[in-house]
2 protein chains.
Amino acid sequence: MASSSIGTGRPKTRGIVLNSIRAARTISRIELAARTGVTPATITQVVRELMDHGLVVEVGRGASTGGKPRTLLQLNPQARYAVGVLLERNICVLVIVDLNGRQVARTSFPGTALLPPEKALALVAAQVDALIDAAGVARERVLGVGLATYGPQDRQAGVLLTHMPTAEWFEYPIAQRLSKLLSLPVLLDNDAAAAAIGEYWLGAVKQGTYGCLYMASGLGGGVVVDGEVYRGSSSNGVAIGHITVDINGRPCGCGNYGCLANYADPSAVIEQALNESSLGRRLGLDPGDTDVMTAFRRIATAADAGDPDALRLIERSGRLLGTAAVTMASLFDLDLIVLAGPSLAAAASLYQSVIEEEVQRRTFVRPAHPVRVITSVSGSDAAAIGGAVLVLQGELAFLELGTPA
Amino acid sequence: MASSSIGTGRPKTRGIVLNSIRAARTISRIELAARTGVTPATITQVVRELMDHGLVVEVGRGASTGGKPRTLLQLNPQARYAVGVLLERNICVLVIVDLNGRQVARTSFPGTALLPPEKALALVAAQVDALIDAAGVARERVLGVGLATYGPQDRQAGVLLTHMPTAEWFEYPIAQRLSKLLSLPVLLDNDAAAAAIGEYWLGAVKQGTYGCLYMASGLGGGVVVDGEVYRGSSSNGVAIGHITVDINGRPCGCGNYGCLANYADPSAVIEQALNESSLGRRLGLDPGDTDVMTAFRRIATAADAGDPDALRLIERSGRLLGTAAVTMASLFDLDLIVLAGPSLAAAASLYQSVIEEEVQRRTFVRPAHPVRVITSVSGSDAAAIGGAVLVLQGELAFLELGTPA
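A quick note: this is a predicted structure, and the numbers were derived from the prediction, not measured.

### Section: the overall build of chain A
Scanning chain A from terminus to terminus reveals 14 helices and 15 strands. Taken over the C-alpha trace, chain A has a radius of gyration of 22 Å; the compact-globule value for 405 residues is 22 Å, and the two agree within 12%. By its C-alpha atoms, chain A is 70 × 50 × 40 Å across when sized along the principal axes. Taking all contacts inside chain A whose residues are at least 6 apart in sequence as the whole, residues at least 24 apart take part in 65%.

### Some details on helix H4 (residues 117-135) of chain A
Residue and element names in this part refer to chain A. Counted at 1.5 Å a residue, the expected span for H4 with its 19 residues is 27 Å, and the 26 Å between its end C-alpha atoms agrees. Those residues of H4 that sit buried are Pro117, Ala120, Leu121, Val124, Ala125, Val128 and Ile132. Buried positions in H4, seen along its axis, are confined to an arc of 135° and lie on one side of it. Every exposed residue of H4 that faces more than 90 degrees away from the buried side is listed here: Lys119, Ala126, Ala130, Asp133 and Ala134. The secondary structure elements touched by the buried residues of H4 are strand S4 (81-87), strand S5 (92-98), strand S7 (142-149) and helix H5 (174-182).

### Quick notes on the interface of chain A and chain B
One frequently used descriptor of interface size is the decrease in accessible area upon assembly of the parts. Across the contact, 42 residues belong to chain A and 41 residues belong to chain B. Residue assignment for the side of chain A that touches chain B shows that the elements contributing at least two residues are helix H11 (308-332) and helix H13 (348-362) of chain A. Ranked by residue count, the leading element in the side of chain A that touches chain B is H11 of chain A, at seven residues. Of the residues that constitute the side of chain A that touches chain B, the class distribution is 19 nonpolar, 17 polar and six charged.

### A few points about the domain arrangement of chain A
Residues and elements named next belong to chain A. As far as domains go, chain A holds domain 1 (11-78), domain 2 (80-196 + 384-398) and domain 3 (207-376). Taking only C-alpha atoms, the centre of domain 1 and the centre of domain 2 are 31 Å apart. The interface is formed by 11 residues belonging to domain 1 together with eight residues belonging to domain 2. The dominant element in the side of domain 1 that touches domain 2, judged by the number of residues it contributes, is helix H1 (residues 11-24), at seven residues. Residues that form the side of domain 1 that touches domain 2 fall into these classes: five nonpolar, three polar and three charged.

### Observations concerning helix H8 (residues 266-276) of chain B
All names here are of chain B. The complete set of buried residues in H8 reads Pro266, Val269, Ile270 and Ala273. The arc enclosing the buried residues of H8, seen along the axis, measures out at 100°, which places them on a common side. Close packing links the buried residues of H8 with helix H9 (279-282), helix H10 (292-304), helix H11 (308-332) and helix H12 (342-345).

### So, unusual backbone geometry
Between Met164 of chain A and the following residue, Pro165 of chain A, the backbone shows a cis peptide bond with an omega angle of -10°. Along the polypeptide, Pro165 of chain A turns up in the loop between strand S9 (159-160) and H5. A cis amide bond, omega -5°, links Gly151 of chain B with the succeeding residue Pro152 of chain B. Looking at where Pro152 of chain B falls in the secondary structure, it is placed in the loop between strand S7 (142-149) and strand S8 (153-154). Phi is positive for Arg25 of chain A, close to 70°, though the residue is something other than glycine. Position of Arg25 of chain A among the secondary structure elements: in the loop between H1 and strand S1 (27-28).

### Remarks on the relation of the copies chain A and chain B
One copy of the chain maps onto the other through a rotation about an axis followed by a shift along the same axis. Here chain A sits on chain B after a turn of 180° about the axis and a move of 0.0 Å along it, with an RMSD of 0.0 Å. A rotation of that kind, with that shift, is consistent with a two-fold axis. Mapped onto chain B, 98% of the interface residues of chain A are again interface residues, and the two copies thus contact each other with one and the same surface.

### Focus on the packing of helix H2 (residues 29-36) of chain A against helix H3 (residues 40-52) of chain A
Residues and elements named next belong to chain A. Two numbers describe how H2 lies on H3: the axes approach to 9 Å, and their chain directions differ by 120°. The orientation of H2 with respect to H3, classified from their angle, is oblique. The two elements H2 and H3 meet at a crossing, and its hand is right-handed. For the pair formed by H2 and H3, the contact residues are Arg29, Ile30, Leu32 and Ala33 on the first element and Pro40, Ile43, Thr44 and Val47 on the second. Partitioning the contact of H2 with H3 into residue classes produces six nonpolar, one polar and one charged.

### Let's talk about the confidence of the model for chain A
All names here are of chain A. A residue-level look at chain A finds 95% of positions with pLDDT of 70 or above and a mean pLDDT of 92. Here residues 1-8 is modelled with pLDDT under 50, and outside its nearest four sequence neighbours on either side it reaches 22 contacts, counting other chains as well. Interface confidence in the predicted complex, given as ipTM, is 0.92; pTM for the same model is 0.93.

### A few points about the packing of helix H8 (residues 266-275) of chain A against helix H10 (residues 292-304) of chain A
All names here are of chain A. It is the contact of H8 with H10, at a shortest axis distance of 9 Å, that shows an interaxial angle of 60°. When the interaxial angle is binned, H8 and H10 end up oblique. For H8 against H10, the interelement crossing comes out left-handed. In this structure, H8 uses Pro266, Ser267, Val269, Ile270 and Ala273 to contact H10, whose residues at the interface are Val292, Met293, Ala295, Phe296 and Ile299.

### Remarks on the pairing of strand S4 (residues 81-87) of chain B
Residue and element names in this part refer to chain B. In terms of burial, S4 is a largely internal element, seven of the seven residues being buried. Burial along S4 is two-sided: the residues Tyr81, Val83, Val85 and Leu87 and Ala82, Gly84 and Leu86 are all buried. Across seven bridges, S4 lies against strand S5 (residues 92-98) in antiparallel orientation. Residue Val83 lies in a different strand from S5, and its bridge partner there is Ile96.

### Let's talk about the sheet that holds strand S11 (residues 209-215) of chain A
Residue and element names in this part refer to chain A. A sheet is described by the order of its strands in space; here five strands give the open sequence S13-S12-S11-S14-S15, paired in mixed fashion. The sheet is open, and its two edges are formed by strand S13 (228-229) and strand S15 (372-375), each paired on a single side. The pairing of strand S12 (residues 219-225) with S13 spans two bridges and is classified as antiparallel. What sits directly across from Val224, in S13, is Val229. Relative to S11, H11 is tilted by about 155°, and along the sheet it contacts S11, S12, strand S14 (336-340) and S15.

### What about the sheet that holds strand S3 (residues 71-75) of chain B?
Residue and element names in this part refer to chain B. Taken in spatial order, the three strands of this open sheet run S1-S3-S2, and their pairing is antiparallel. One side of each edge strand has no neighbouring strand; the edge strands of this open sheet are strand S1 (27-28) and strand S2 (56-61). Where helix H1 (residues 11-24) meets the sheet, its contacts fall on S1, S2 and S3, and the angle it forms with S3 comes to roughly 100°.

### Some points on the pairing of S5 of chain A
All names here are of chain A. Buried residues dominate S5, accounting for seven of its seven residues. The antiparallel pairing of S4 with S5 creates a hairpin that spans four residues between the two strands. Counting the residues between successive antiparallel strands, the hairpin from S5 to strand S6 (residues 103-109) contains four residues, one of them, Gly101, with a positive phi of roughly 85°.

### What about the environment of Asp335 of chain A?
Within the secondary structure, Asp335 of chain A sits in the loop between H11 and S14. Through-space distance from the C-alpha of Asp335 of chain A to that of Pro370 of chain A is 6.4 Å; in sequence the pair is 35 residues apart. Excluding residues that lie within four positions of it along the chain, Asp335 of chain A makes contacts with Gly208, Thr209, Tyr210, His369 and Val371 of chain A together with Ser233 of chain B.

### Here we look at the environment of Gln74 of chain A
For Gln74 of chain A, the location among the structural elements is in strand S3 (residues 71-75). Put simply, Gln74 of chain A and Ala24 of chain A are 50 residues apart on the chain and 8.5 Å apart in space, counted from C-alpha to C-alpha.

### As for the environment of Pro185 of chain A
Position of Pro185 of chain A relative to the elements: it lies in the loop between H5 and strand S10 (186-190). Separated by 10 residues in sequence, Pro185 of chain A and Ala175 of chain A have C-alpha atoms that sit 8.4 Å apart.

So, how was this worked out
Residues numbered from 1 in each chain as written. Chains lettered and ligands numbered in written order. Predicted model: local features only at pLDDT ≥ 70, side-chain atom pairs only at ≥ 80, totals over all residues. Helix = DSSP H or I, 4+ residues; strand = E, 2+ residues; numbered from the N terminus. Rg over C-alpha atoms; globule rule 2.2 N^0.38 Å. Contact = placed C-beta atoms within 7 Å. Expected span 1.5 Å × (residues − 1). Buried ≥ 20, exposed ≤ 12 C-beta atoms within 10 Å, placed from the backbone. Arc of directions from axis to C-beta. Nonpolar A, V, L, I, M, F, W, Y, C, P; charged D, E, K, R; others polar. Domains from an automatic or database assignment. Least-squares fit on C-alpha atoms with pLDDT ≥ 70 in both. Axes fitted to C-alpha atoms, helices over the stretch in contact; angles between N-to-C directions. Parallel < 35°, antiparallel > 145°, perpendicular 65-115°, else oblique. Left-handed = near helix turned anticlockwise from the far one by under 90°. pLDDT = per-residue confidence, 0-100. Pairing = 2+ DSSP bridges.

This is how it looks when you write it as structure tokens:
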């Protein structure tokens, strides 16, 4: 993250304290010390500093446990904000979240299509500016922007390592460029990883090892272990869409063959709707249309409304996403799989029930422990919210406190 | 691990110091302090304690860097030992390793077939006793036994959660029983995870995120991140044999369908040898034979000798194991895959070249970084050696030092 924020000492302790207050919602100094393992004296000092800068506030007293009642602390959620952006060809979602990770503003538009990166990022920057203005958030309180998109990426360099959607995007400095346009730090990350960590931060998942199965235009995955994204060697793991599920299958653009995505993702379902029945015609789908998300949403809506052809296609896609979920659970030994992203949100309950059924029946680890399947609390916005959460997670520790307010 | 060893203070620091000396081979106290972040005063004290107990020795002086020459330290490899056991139906390998993880004794026998656990463990215990005697290792210097086998397992409870090879094995207290028979602590772990950590400990892999693709009678995987086995929720992850690679495939005993193992593991290759050509007859394979490893080794040897039918089968198995390697690399974002276990060792160079070709061509992360494929330094013995290494890794920190020698 190209960030200008520099800590004023003890940044790690400060991050731990902020995160513990956030997770607990309200907590006393003495509980903070017990939970973090930091000495009470240091807690007192760090909390004083955070209160001087308006990040933490006192909110009354807890019940006495014998001695004098303990003063309770809370984050001041309006003290700082983060922006999250889901960027892709067929959908862009922008959110602003407060220090608690709660959404305070949101907008979306139908994606950047085949725009070159220069123009696409100018469009995104204009929308971010407009959203900050509309939300009435003071710009100096915005910590940065989390830009969540597909991979492979070089996360440190802030570039994509793919020619999608066009060759100009390969190694274009998207994080640096957006940072310059907005005069804000910008962090690049994987959409599914962002969605996964967002669930944890928002309290939907408390602990354990869990995964996120994510579907927007494409299919991806993210895994969280003990509150941290599983990164592997280069943060390009959990590429669940590009593993072979049909050893007799056709070659994929990625270099592999029989890839899961080609059987189950929105483009595959649209192709099936056009070729296998009258569904495509009935829904007015156009084979030449590149707006995958809108077409897919029509099929999902028809399935939800009980159209048998649409139901059959979504169920088939669900069974295959079940294979993705089973493979993720069997390889990462997961307790839980969270379904997120606009395409899974489009038929959330249908997908949830089919995928859960597959996981219960087929996962190798099930003799050792249960594996649950739930839908994301953030639905379509999971990656954008997660992007903003990654900014909070990364920046709170190194916050530039400046002079006290 | 049901262990009687209790530290005498500072156990974590002691483990870190021992591990740093081991990794460096020879190192001075001041370098130890720099590398571990422990204060020089504490290093001096911990090293003194370890020397008093004969675990660390001084081995001369390094080159002067201006001041007085630094005294170099080494582990005394003969100070303690660990036993590693690979236990399965078709093969058992027993090793004793010294403090450096180097093998000092080894034996093997053709497995415990369908013996009930009581009898199988008595057989293993007798072999361990005989090996300790034959090696001339003082029993009080043996830290414990690492029992490496297939899963799913409850590693903490020391039991298998599978009915393989017979129903009596399910939840039978194998670790506790073997511990009682040998009067030694026994740790249960996954064979592929053990094989993976063994590579790191023996110095074959220095760093990064890497995986081990392991094949004995069955097929498994292990992943190591920063020198630690990836554990997931219950240490039953990387179950690469039981993921779907053929969405049109037949049901597997595990509850899933189209499982990779059923196309690529030794039993599958033997079945192909019996059904697809004269190879099975020529090699004298018997359809009723349950000794999978011996039959598979015959096919692998024939392939190595250039038999075209055998070559075709091993290559086909290799392409499918390539799918396993690609899936592991794409999900865990690996730098490196190590091929280990008796069945991969039986045709090591053939498997290595075919699997590497598949990985180079098909892995999603390859635009981000190279992914190498190598064969294990320990070959057939990888899981047994890894089991012993897991004992060292777990026990060194909590070593019962007793009274100085």
